[in-house]
Amino acid sequence: MLTVIWGAIAARRAQALAVLLLTVLASAAAAAAPSYVAAAGQALARYEASRATPNELRLRLADPVEYPGMPGDPARTPFADRVRQLTPAGFEVVLGAQSSGVAAGRSGRVTSTLVFRAGVCERVTVSGACPRATTRGQVPEVMVSAQTAARLGVAVGDQFTFGVVPVRVAGVYQPQDVTDPFWLGAEYIRPAAAGPSSTPAVGSAEDAVFTAEAAPLTDDDALLHRSTADLYVTERLLDTRSASDLRTAVAVVTRDASRAGLGGGSSLSLLLDRVAVQRGQLADGVTLGAGLLVLLCWLVLFVAVSSAADQRRPEQGLLLLRGVQRRRLWALAIGEHAVPVLIAIPLGCLGGVAAATLLAARTLPARADVGVDATVIGFAAVGAVGALAAVLLAQLRMLSGSVVDLLRRVPARTRGWRATIGDVVAVSVAVAAVVQLRSGGSPSGLALVAPVAGAFAAGVLLARVAMIIGAAAGAALLARGRTATGLALVQVARQPRFRPLIALLTVVVAMLAFTAATSEVASTAYTDRAVVEVGAPRVVQVDATSRSHLLKAVRTADPEGRFAMAAVVTSVSSAAGTPLLAVDSDRLATVAAPHPSYGVSLPDVARKIHPAAPGEPVYFRGQLLDLVLFTSFDAEAFAGNKVRLAVTVASANGTRVVASLKDVEPARQAYPFQVPECAQECRLVKIEIVAPVVSRQLEVHFEELRSSDEDGGREMVVLTGAQFADLTRWRLSDTSTTRASATTTAMVLTVDENRRATPAAISVVDAPFPLPGYLTRSTGTPLGRAHPYDGVDGTPTTASVQGLADRLPRLGGTGLVVDLEYADRLAVASQNGSEEVWLTSSAPADVLDRLRAQGLVITADRTTAAVRQEFDRQGAALAVRFNLFAALAGVLIGAAGLVAMAAAEQRTRVAMLVALRRQGLPPRAVRGGYGWPVAVAAVSGGLVTVMIWLLTRGGQRLFSDGRSPVPLPDWPDVGRLLLLFTVPTITLFAVTALVLGRVVAASVRRRSSR
């Protein structure tokens, strides 16, 4: 039997080679999927680790007990032994110890931390030397940062005290890479404070002070220190272990550390969750592309082998007629094709790994290793075995047919349930997949391949319809004398093997169009989300001393308002809250990036949120304030309930409530307030009368407000009695128990008797109240109503809704935008939220230096392009690119299927046409008939694309976090889709069909002329 099998392979070596090549393709496609997923999983983990915060990369264990003495190496302590027992394999451990205190030098003092940390000297550039171990009685050596040295006024060789312990400066350090997780973000290298004295150099005076491995003190009790251990997750761990395994390991360490009496804490689980989600999305998405390629390879094999089998039908019929048993024919068929299948498995593994390597090099966001493992070999074997099954299925009809049917030149049409069972199965699978996909949740199971299943089912049905239409149209054309086209259609319609070819080409066209459409929509969605989430082409997060400092700094850096805008963004901790965006509204339309999803123009927003101010702010300078009041109340009735006075002032350092230096008495007096921060300039926010219990009516006459220097010099009148008496300048905080009236020289504030009184306050009317704002429609508050929110100072307040938007810059679908200057004037407390500077793409190159010159500290810098690139490096985006690669490879496989079928039937087709030519068929009617499948595929592919797009677009997962503030586009750019993908594909198939037709025509001419 083996001899017969080898003889069959040798006799039909062309078919064996075709089966081998197509099986290699199927096996390589199946092997490429796990290879690419594994490599991409590594790259995603490394990329997420590179973007993670230091606390997300380590698990900290701390000894709860403080020990006397200088911080030193805990490697030989019981604490280190416990850490070694708890540390899972693969984690990198950094031991340390630290003590908090105050360092004092000849030029100043600074609160800092004295730290021992293994490996610090390898990560710094030192002027001088790293500290060395000292003996008892010697002054311990330390290493300080350049900023700390400048604050303390020390240099190499000088001494200062930490707590009460004298130490000597052995070296002054600068960190080589402040982004190294070793520094734990701001734990050791503290960020500089905002203000005029800020410096662009890394770190601040509060940077950690590092000590040597051992430095015994004369009095060990002078310092107390606590040992720590940081367990870092390494790149190798992220590569070789799943996120769930690592999460379990972290949970076990945390639990066991708690039982051992050690403190522990980490945000490592956040990183692991992100890695797990992205790896899962990548694997699910690649399933679609790999499934498409494998299915196409099996279809091509089925088409090619079934075409070749049809040509050998008479041969099989004669063998059966002569008594050859069917089991021998099955054994021959299996053996003939099992050999190339077995050869294809190792070749497919190598081809799949090579394809995955090439694709990984072009698409992955970080370096990754592509290798061969048991999973890759298993998938390659599945692809090859499936190819063998497709080959045997293609020969099933021939191997199980009757002798009479096999001896027919044209096979009889399959009728009854056998003719439709395949269609029913394909449609059932497609329906189940689409239903599962549209049921919601994360796609899994059949839902992952819903587009492929839908395209295949639709292609099978449309191919059946095309065969029926082709037969009817061909007969009609022949009756009208249109011999060329009619004969080609009749030939196609009478050959059952053309039906799977039409289905194959339909699936190829539809899946390429669908995948390209998904890629186009994803690209647009990434750009849309980046524009809305960032808010402007570039957003710099800063640290300012106050909101007024932020506004002034940005306006000074860009006095004309051409490229920069100050903004404050506040988030909320509860789902019911409203995120807030406060902007310098005069610059909003110039700096913020417009987007159609907002549903409103930014100039309209800026105009509505910044109406004319109802009054002027009250500014003053001076370190002392004196408020002259005439107060009338029954002191005996108030008994021990004192009446106090407070003012709220806003300076460049923030907003502060200042209490009077003395209590309010029932007489005319001047009440002093110490406001040292107002030496430059301050703004008066409000004045409060604080009386917890008002036993009798309280009446306060505001007569004058004066400011002066601390020594009483430069005295000036801030507000006169007449200005107080102008009631339009003031707003009462509570009108239920408080009334305001005026005399010619004062404002009179009357507080009614109230056993549970709230502070009676008068605020300067220098901003509209309630604050006008633009609100998103999703909140449900109608136009013109009041909407509650937390202000820029975190104080609950309300806004007057002046406009409604679908979405807002930076906030997305839920939020409120107000004017920052007005919001700051209404604020009664200090900072709340993220301070930002929004920049246009035309901002000058030195814009950050300009901002630093105004005392702002740059803490982060984001651009729309960078955020867009981050989305493009996530697991969902990598899966889309793999699918597009698979769809493009599918086009080549489809063309190969067209060629394989033509090659299999060429001899029979040429013989039939030669016979017809000899009977008078005109030369122009000699065509291959391959244009009809291509034409049908072009039309049906478009229909199938639209159908599966409508059915499956709601289940697309384009973002790793599953959300976007902007709705996904309903449709891709159809013109671009046709121009770049669909038309070239149809053209390739048409050219292939034309060339095959010309080859047939040339063969007919040669044989007819003999």
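Above: the structure in question.
Small disclaimer: the values here were computed from a predicted structure and weren't measured.

Criteria and cut-off values
- Residues numbered from 1 in each chain as written.
- Predicted model: local features only at pLDDT ≥ 70, side-chain atom pairs only at ≥ 80, totals over all residues.
- Heavy atoms only, no water.
- Disulfide = S-S within 2.5 Å.
- Buried < 20%, exposed > 50% of the residue type's maximum accessible area, 1.4 Å probe, protein only.
- Salt bridge = Lys/Arg side-chain N within 4 Å of Asp/Glu carboxyl O.
- Helix = DSSP H or I, 4+ residues; strand = E, 2+ residues; numbered from the N terminus.
- Phe/Tyr/Trp six-rings, centres within 6.5 Å; stacked < 30°, edge-to-face > 60°.
- Lys NZ or Arg CZ within 6 Å of the ring centre and 35° of its normal.
- Contact = heavy atoms within 4.5 Å.
- Axes fitted to C-alpha atoms, helices over the stretch in contact; angles between N-to-C directions.
- Parallel < 35°, antiparallel > 145°, perpendicular 65-115°, else oblique.
- Left-handed = near helix turned anticlockwise from the far one by under 90°.
- Nonpolar A, V, L, I, M, F, W, Y, C, P; charged D, E, K, R; others polar.
- Patch = residues over 30% accessible without salt bridge, like charges linked within 9 Å, V, L, I, M, F, W, Y side chains within 5 Å.
- Areas by Shrake-Rupley, 256 points an atom, 1.4 Å probe, with all protein chains shown as cover.
- Pairing = 2+ DSSP bridges.
- Lys, Arg positive; Asp, Glu negative; His and termini not counted.
- Polar contact = N/O pair within 3.5 Å; in protein donor to acceptor, adjacent residues only side chain to side chain.

Peer 1: So what's going on with the state of the cysteines? Which residues, and what values?
Peer 2: Under the counting rule described, the total for this entry stands at 2 disulfides. The residue that forms a disulfide with Cys-121 is Cys-130, at a sulfur-sulfur distance of 2.2 Å. In this structure the cystine formed by Cys-121 and Cys-130 twists about its S-S bond by roughly -135 degrees; its chirality is therefore left-handed. Here Cys-130 falls in the partly exposed class, since its relative accessible area comes to 21%. Covalent S-S linkage joins Cys-678 and Cys-682, the inter-sulfur distance amounting to 2.0 Å. As the torsion about the S-S bond is roughly -85 degrees, the Cys-678-Cys-682 disulfide counts as left-handed. For the pair Cys-678 and Cys-682, a shared accessibility class is recorded, and that class is buried. Sequence-ordered numbering of the bonded cysteines in the protein gives a pairing of 1-2, 3-4.

Peer 1: Tell me about the pattern of salt bridges, and name the residues and values.
Peer 2: Overall, the coordinates contain 50 salt bridges when judged by the stated rule. Here Arg-777 and Asp-806 are joined by a salt bridge, their closest N and O atoms 2.7 Å apart. Placement of Arg-777 in the loop between β27 (771–776) and β28 (786–790) and of Asp-806 in the loop between β29 (796–805) and β30 (816–819) is noted, with a sequence separation of 29 residues between them. Of the residues examined, Asp-806 reaches a relative accessible area of 33% and is grouped as partly exposed. Beyond isolated ion pairs, a larger network of salt bridges with shared partners links Arg-555, Asp-558, Asp-584, Arg-587, Glu-821 and Arg-825.

Peer 1: Can you break down the packing of aromatic side chains residue by residue, with the values?
Peer 2: Under the definition given, this model contains 13 aromatic pairs. Summarising the aromatic geometry, the rings of Tyr-173 and Phe-210 are spaced 5.5 Å apart at their centres and angled 65 degrees between planes, so their arrangement reads as edge-to-face. Placement of the pair is Tyr-173 in strand β8 (residues 165–175) and Phe-210 in strand β9 (residues 209–211), with a sequence separation of 37 residues. Residues Tyr-173 and Phe-210 agree in their burial class; the two are buried. For the ring pair Phe-182 and Trp-183, a centre distance of 5.3 Å and an interplane angle of 90 degrees mean the geometry is edge-to-face. Taken as a pair, Phe-182 and Trp-183 share a single burial class, namely buried. Cluster of aromatic residues (ring-pair linked, three or more members): Tyr-173, Phe-182, Trp-183, Tyr-188 and Phe-210. In this arrangement the basic side chain of Arg-123 is found over the ring face of Phe-182, its NZ or CZ atom lying 4.2 Å from the centre. Here the guanidinium or amino end of Arg-731 rests over the ring plane of Phe-769, the centre of that ring lying 4.5 Å away.

Peer 1: Lay out the environment of Gly-803 in plain terms, naming residues and giving numbers.
Peer 2: Here Gly-803 lies in strand β29. Classification of Gly-803 by relative accessible area gives buried; the value is 4%. It is 7.3 Å that separates the C-alpha atoms of Gly-803 and Lys-608, two residues lying 195 residues apart in sequence. Among residues more than four places away in sequence, those in contact with Gly-803 are Gly-773, Tyr-774, Leu-775 and Leu-783.

Peer 1: Run through the environment of Ala-589, naming residues and quoting values.
Peer 2: Note on placement: Ala-589 falls in helix α17 (residues 588–591). Taking relative accessible area as the criterion, Ala-589 reaches 40% and is therefore assigned partly exposed. Residues Ala-589 and Asp-604 lie 15 residues apart in sequence; the distance between their C-alpha atoms is 8.7 Å. When near neighbours in sequence (up to four residues on either side) are disregarded, Ala-589 contacts Leu-602 and Pro-603.

Peer 1: Break down the packing of helix α15 (residues 498–534) against helix α26 (residues 974–1008) for me, citing the residues and quoting the values.
Peer 2: The N-to-C vectors of α15 and α26 enclose an angle of 160 degrees; their axes lie 10 Å apart at closest approach. The angle between the axes of α15 and α26 places the two elements in the roughly antiparallel class. Where α15 crosses over α26, the two elements pack in a sense that is right-handed. Note on element contacts: α26 touches α15 through Arg-976, Leu-977, Phe-981, Thr-982, Thr-985, Ile-986 and Phe-989, opposite Leu-505, Val-508, Val-509, Leu-512, Ala-513, Ala-516, Ala-517 and Glu-520.

Peer 1: Before we move on, can you summarise the packing of helix α25 (residues 931–952) against α26 with the specific residues and values?
Peer 2: The geometry of α25 relative to α26 is characterised by a closest axis approach of 9 Å and an angle of 170 degrees between their N-to-C directions. Put simply, α25 runs roughly antiparallel to α26. On α26, the residues touching Gly-931, Val-934 and Ala-938 of α25 are Ile-986, Phe-989, Ala-990 and Ala-993. Residues belonging to the contact of α25 with α26 are distributed by class as follows: 6 nonpolar, 1 polar and no charged.

Peer 1: Which residues make up a nonpolar patch on the surface, and what are the values?
Peer 2: A contiguous nonpolar surface patch, about 370 Å² in accessible area, is contributed by Ile-421, Val-424, Val-425, Val-429 and Leu-446. As for its placement among the helices and strands, Val-429 is situated in helix α12 (residues 417–438).

Peer 1: Go over the pairing of strand β18 (residues 654–659), please, and point to the residues and values.
Peer 2: In this structure, strand β17 (residues 644–651) lies alongside β18, joined through 6 bridges in antiparallel fashion. Pairing of Ala-646 across the sheet is with Ala-659, part of β18. The loop that links β17 with its antiparallel partner β18 comprises 2 residues.

Peer 1: Break down the pairing of β8 for me, citing the residues and quoting the values.
Peer 2: In terms of residue burial, β8 counts as a mostly covered element, since 8 of its 11 residues are buried. Judged from the 5 bridges that link them, strand β5 (residues 124–128) and β8 form a sheet pairing that is antiparallel. Residue Thr-125 lies in a different strand from β8, and its bridge partner there is Gln-174. By the bridge criterion, 5 bridges tie strand β6 (residues 141–145) to β8 in an arrangement that is parallel. If you follow Ser-145 over to β8, its bridge partner there is Tyr-173. Examined bridge by bridge, strand β7 (residues 159–162) and β8 share 4 bridges and lie antiparallel to one another. Directly across from Phe-162, in β8, lies its bridge partner Val-165. The hairpin turn running from β7 into β8, its antiparallel successor, is 2 residues long, and Gly-163 in that turn takes a positive phi close to 70 degrees.

Peer 1: Residues and numbers for the sheet that holds strand β14 (residues 580–583), please.
Peer 2: One open sheet holds the 9 strands; their spatial order is β28-β29-β27-β30-β14-β13-β31-β12-β32, and the pairing between them is mixed. Sheet topology places β28 and β32 (857–863) at the edges, where each strand pairs with a single neighbour. For this sheet, the mean angle separating the axes of adjacent strands, direction not counted, is 35 degrees. Direction of pairing for strand β13 (residues 564–570) relative to β14: antiparallel, over a ladder of 4 bridges. Opposite Val-569, over in β14, you have Leu-581 as the bridge partner. Strand contacts of helix α16 (residues 547–557): β12 (538–543), β13 and β31 (834–839), with the helix running at about 155 degrees to β13, the strand carrying the most contacts.

Peer 1: Could you give an account of the side chain of Asp-793, with specific residues and numbers?
Peer 2: Tracing the backbone shows Asp-793 in the loop between β28 and β29. Although Asp-793 is buried, it makes no salt bridge; Arg-547 carries the closest opposite charge, 5.4 Å away. Within the structure, Asp-793 has its side chain in polar contact with the backbone nitrogen of Val-828 (distance 2.7 Å). A polar contact is formed between the side chain of Asp-793 and the backbone nitrogen of Ala-829, at a distance of 3.2 Å. For Asp-793, the residues in contact, after removing those within four places along its chain, are Arg-547, Ala-827, Val-828, Ala-829, Ser-830 and Asn-832.

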